[in-house]
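If you want the building blocks of each chain, they are given just below.
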Amino acid sequence: MALCDMFEAFGIAAIALAGLTLSPAAAIAQPVPASANPVALAEVSGNWLVVPRRTPDSIAIGGIPRSFRLTVEGGSVTGTFRFNGWDYPIANWVARGDGFAFDLTGKPPFVQMRARPRADGRFMDVWIGDEMLGIAPFLARRVSDSELAAIERDAPRPDTMSKLPLPAPHDVGVRNLAPVPPMGWNSWNVFREAVDDRSVRAMADVMVSSGLRDAGYRYVTIDDGWQGQRDAAGILHPNSKFPDMRGLVDYIHARGMKIGIYSSPGPVTCSGYIGSHGHEAQDAKTFAAWGIDLLKYDWCSASNIYDTKVEMQARYQVMGAALQATGRPIVYSLCQYGLYDVGSWGNAVGGHMWRTGGDSIEGDLWHAVDYRFDHNGNAAHAGPSAWNDADMMLVGIDGLTPEEYRTHYTLWMMAASPIILGNDLRTMTPAVKAIVANPAVIAVGQDRLGIQGQRVAQIGTTEVWSKQLADGATALALFNRGTALAAITVNWRAIGLRAPKRVRDLWRGVDVAPAADYTVEVPRHGAVLLRVS
Ligand code: GAL
């Protein structure tokens, strides 16, 4: 079974760990390193605060602290892992090599963890996951009772961690705010929790100066990590990294772009920040008052509370209705990893786009791209203001070849997915820019018919996809998912195109001869995109 299939089987449980870099596609397949030195049981006893790996002496950037409380009793270890406000009891602790392995129990059921205190006694390396799902490493720092108590006292705290009444299901009536798939940039892949006002402005500047805005990239979205605390009236304020949200919004708007923000239907976001649970109307008003144009709404900790499709729909409906009640046009982007056939109900809760799977950015990037050939929602659900979202782009991110970038971009265009860049635009190379700012290619994804292209032929690891365009032309993508150069032949008649008058290779920018059979050599993991008229 492929890794992503396993994550799907694993369901929401894996999602809740996204902030610890383990999410559906988040597996970091690496073995737990071995060391010859056995660890004394007593060394693990105490409190351990999860800290950023790069700056281990600092505490989390504003989210809810995550910690282990471990007690040695009768030759074994008991305790809890406090994650995003919930306590997960530790079970089945066993000494294993130079460290320890244990399970986390609770809801959702967690996978196995291993831990090994470092020699200095101050830090503990922790691995979460297992060989099947992949193992993500993180770091914990030893803290005293009083230090942990002080950190928790000052930390944000959600006020509603249990089930809230659900509204009766009804169709909130989606507005056509995204007639073509939204294009833009999102902060998560580059900055994660370190996102701040300055970095968002810098990206917006580059979007203008590089020409990306004019190529169609209009949304600048601040992902997780902007949230601070609620005040006594329940109003959610940004954390210290965003001292002037209204000013930031104005800055983006003044540059002819739109701004997106991120929250969760759960009490806590995937990375441990305050979510909108029970404060939907209030948060929607806050977003509208700031001038926000798009909300990415990520299920995350809602999975600790809600179990069913009906509950999920209801929680998304609450925010969908709240956004509409503000009167401001706000594109509503559902992030629930494609669960429960979201395309069949996304519009009814007010959604304009919905993710079709886990995070592309985690784990093996080619696998994340290749996976979408077979998993990107139901094309029948796609259309204006109803987009199957294949997740943020990996173009320009280390881990893929230039050929793979082009294949990735071509597939997302053919699939009429939103195109939300995730790379650092400040350091974008001309070669990357040439991929993401090719007007003829962008026109395929932005076609006003909004048809999601589909596979029309497949031989081994090669396949041909077709997408009908508004002016009567057809976009045809020839993909080679294999690891060797492959010749792909298209017979126009066989795929119902009769005798085309003009065939243009959009990546190469040249017309090719419209003979009865068109054969082209496609490199490994490569793609050719044709416009056939
Ligand atoms: C994940 C989500 C990512 C990112 C992250 C933030 O669940 O899929 O795109 O938003 O949470 O914590």
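The preceding data block contains the structure.
Residues numbered from 1 in each chain as written. Predicted model: local features only at pLDDT ≥ 70, side-chain atom pairs only at ≥ 80, totals over all residues. Heavy atoms only, no water.

J.: I would appreciate a short explanation of the overall build of the protein in the present structure.
T.: Along the backbone of the protein there are 13 helices and 26 strands. Within the protein, the fraction of its 533 residues that count as buried is 57%. In the protein, the proportion of contacts linking residues at least 24 apart, taken out of those at least 6 apart, comes to 67%. For the protein, the accessible surface area stands at approximately 20100 Å², while carbon and sulfur atoms represent 54% of it. (Helix = DSSP H or I, 4+ residues; strand = E, 2+ residues; numbered from the N terminus. Buried < 20%, exposed > 50% of the residue type's maximum accessible area, 1.4 Å probe, protein only. Contact = heavy atoms within 4.5 Å. Areas by Shrake-Rupley, 256 points an atom, 1.4 Å probe, with all protein chains shown as cover.)

J.: For this particular structure, what's the right way to read the site of the ligand?
T.: Close to the ligand lie 14 residues, the nearest being D223, D224, S271, K296 and D359. The separation between an oxygen atom of the ligand and a polar side-chain atom of D298 is 2.9 Å. For the ligand, whose free accessible area comes to 300 Å², the fraction covered by protein is 99%. Looking at the shell around the ligand, its residues break down into seven nonpolar, one polar and six charged. (Near = heavy atom within 4 Å. Polar contact = N/O pair within 3.5 Å; in protein donor to acceptor, adjacent residues only side chain to side chain. Nonpolar A, V, L, I, M, F, W, Y, C, P; charged D, E, K, R; others polar.)

J.: Explain the packing of helix α5 (residues 197-209) against helix α7 (residues 245-254) to me, please; I cannot follow it from the model alone.
T.: Two numbers describe how α5 lies on α7: the axes approach to 10 Å, and their chain directions differ by 5°. Classed by the angle they form, the pair α5 and α7 counts as roughly parallel. Counting all contacts with α5, which are made through D197, V200, R201, A204 and D205, the residues of α7 involved are G247, L248, Y251 and I252. (Axes fitted to C-alpha atoms, helices over the stretch in contact; angles between N-to-C directions. Parallel < 35°, antiparallel > 145°, perpendicular 65-115°, else oblique.)

J.: Even after reading the chapter, I still don't get the sheet that holds strand β21 (residues 474-480), so can you show me in this structure?
T.: Strands pair in a sheet through their backbones, by hydrogen bonds, and they do so in one of two ways: parallel or antiparallel. Taken in spatial order, the six strands make up an open sheet running β19-β20-β21-β26-β23-β24, and their pairing is antiparallel. Here the strands that pair on one side only, and so sit at the sheet edges, are β19 (454-459) and β24 (510-512). Along the sheet, successive strands turn relative to each other by an average axial angle of 25°, direction set aside. Of the pairings in the sheet, the one linking β21 to strand β26 (residues 527-532) comprises six bridges and is antiparallel in character. For F479, the partnering residue across the bridge sits in β26 and is A527. The sheet contacts of helix α11 (residues 402-414) involve β20 (462-468), β21 and β26, and relative to β21 the element is tilted by about 140°. (Pairing = 2+ DSSP bridges.)

J.: Which parts of the structure should I look at to understand the state of the cysteines?
T.: In a disulfide, the sulfur atoms of two cysteines are covalently bonded to one another. Tallied over the full model, the rule gives one disulfide. Sulfur-sulfur distance for the disulfide between C270 and C300 comes to 2.0 Å. Residues C270 and C300 share a disulfide whose torsion about the S-S bond is about -100°; that sign makes it left-handed. Linking C270 in the loop between β13 (258-263) and α8 (280-290) with C300 in the loop between β14 (294-298) and α9 (309-325), this pair joins segments that are 30 residues apart in sequence. Comparing C270 with C300 shows no difference in burial state: the two are buried. Just so you know, C335 is unpaired, no disulfide at all, and the nearest cysteine sulfur is the one on C270, 6.7 Å from it. With relative accessibility at 2%, the residue C335 sits in the buried group. (Disulfide = S-S within 2.5 Å.)

J.: Please clarify how unusual backbone geometry should be interpreted in this entry.
T.: Glycine aside, residues mostly have negative phi angles, and peptide bonds mostly take the trans form. Backbone geometry at Y340 places phi at a positive 55°, although glycine is not the residue there. Relative to the elements of secondary structure, Y340 occurs in the loop between β15 (331-335) and β16 (353-355). At S385, a position not held by glycine, the phi torsion is positive, near 60°. One can find S385 in the loop between α10 (365-371) and β17 (387-389). On the accessibility criterion, S385 (1% relative accessible area) is buried.

J.: In this structure, what is going on with the nonpolar core? I would like to understand it.
T.: Nonpolar side chains in soluble globular proteins tend to be buried together. Ranked by size, the top nonpolar core spans 117 residues in total, and within it F68, Y217, W226 and Y409 carry the most contacts. Broken down by element, the residue count for this core peaks at six residues, all from α11. Discounting residues that sit within four places of it in the chain, Y217 has contacts with M183, G184, M207, L212, M257, Y409, I419, L421, V436 and I442. In terms of nonpolar packing, the next biggest core, distinct from the first, is built from 14 residues, I488, V512, V528 and L530 among them. (Core = buried A, V, L, I, M, F, W, Y, C linked by side-chain atoms within 4.5 Å.)

J.: Help me out: how do you make sense of the pairing of strand β3 (residues 76-83) in this one?
T.: Successive residues of a regular strand alternate their side chains across the two faces of the sheet. By the alternation rule, side chains of β3 split into V77, G79, F81 and F83, which are all buried, and S76, T78, T80 and R82, of which none is buried. Of the pairings in the sheet, the one linking strand β2 (residues 67-73) to β3 comprises seven bridges and is antiparallel in character. Bridging across to β3, F68 finds its partner in F81. The loop that links β2 with its antiparallel partner β3 comprises two residues; one of these, G74, has a positive phi angle of about 55°. Both β3 and strand β4 (residues 86-96) contribute to a ladder of four bridges, which runs antiparallel. The residue bridging F81 from the neighbouring strand is Y88, located in β4.

J.: For this particular structure, what's the right way to read the layout of surface pockets?
T.: Empty space among the atoms becomes visible once a probe the size of a water molecule is rolled across them. Of the voids in this model, the second largest pocket is the one considered here, and its volume is about 260 Å³. Along the walls of the second largest pocket sit 18 residues, with L177, P182, R218, Y219 and K258 positioned nearest its centre. Counted by class, the lining of the second largest pocket contains 12 nonpolar, two polar and four charged residues. (1 Å grid on protein atoms, 1.4 Å probe; cavity = no way out; pocket = protein on both sides within 12 Å on 5 of 7 lines; lining within 4 Å. Points joined across faces, edges and corners; volume = space filled by probe spheres on them.)

J.: How should α11 be read in this particular structure?
T.: Every α-helical turn comprises 3.6 residues, leaving residues that sit three or four positions apart pointing alike. Taking 1.5 Å of rise per residue, the 13 residues of α11 would be expected to cover 18 Å, and the 18 Å separating its terminal C-alpha atoms lies within 8% of that figure. The element α11 is largely enclosed, with a buried count of 10 among its 13 residues. Listing the buried residues of α11 in full gives E404, Y405, T407, H408, Y409, T410, L411, W412, M413 and M414. Just downstream of α11, A416 is the residue with a positive phi angle, here 50°. (Expected span 1.5 Å × (residues − 1).)

J.: I tried to follow the side chain of Q317 on my own but got confused; where do I start?
T.: Its place among the elements puts Q317 in helix α9. Leaving out residues up to four positions away in the same chain, Q317 has contacts with P167, A168, P169, H170, V172 and V349.

J.: Help me out: how do you make sense of the sheet that holds β16 in this one?
T.: Pairing is parallel in the open sheet, where eight strands are placed in the order β17-β16-β15-β14-β13-β10-β9-β18. The outermost strands of the open sheet, each flanked by one partner alone, are β17 and β18 (419-421). The average undirected angle you get between the axes of adjacent strands in this sheet is 25°. Pairing analysis gives three bridges linking strand β9 (residues 183-186) to strand β10 (residues 219-221), with the strands arranged parallel. Considered in β10, the bridge of N186 is made with T221.

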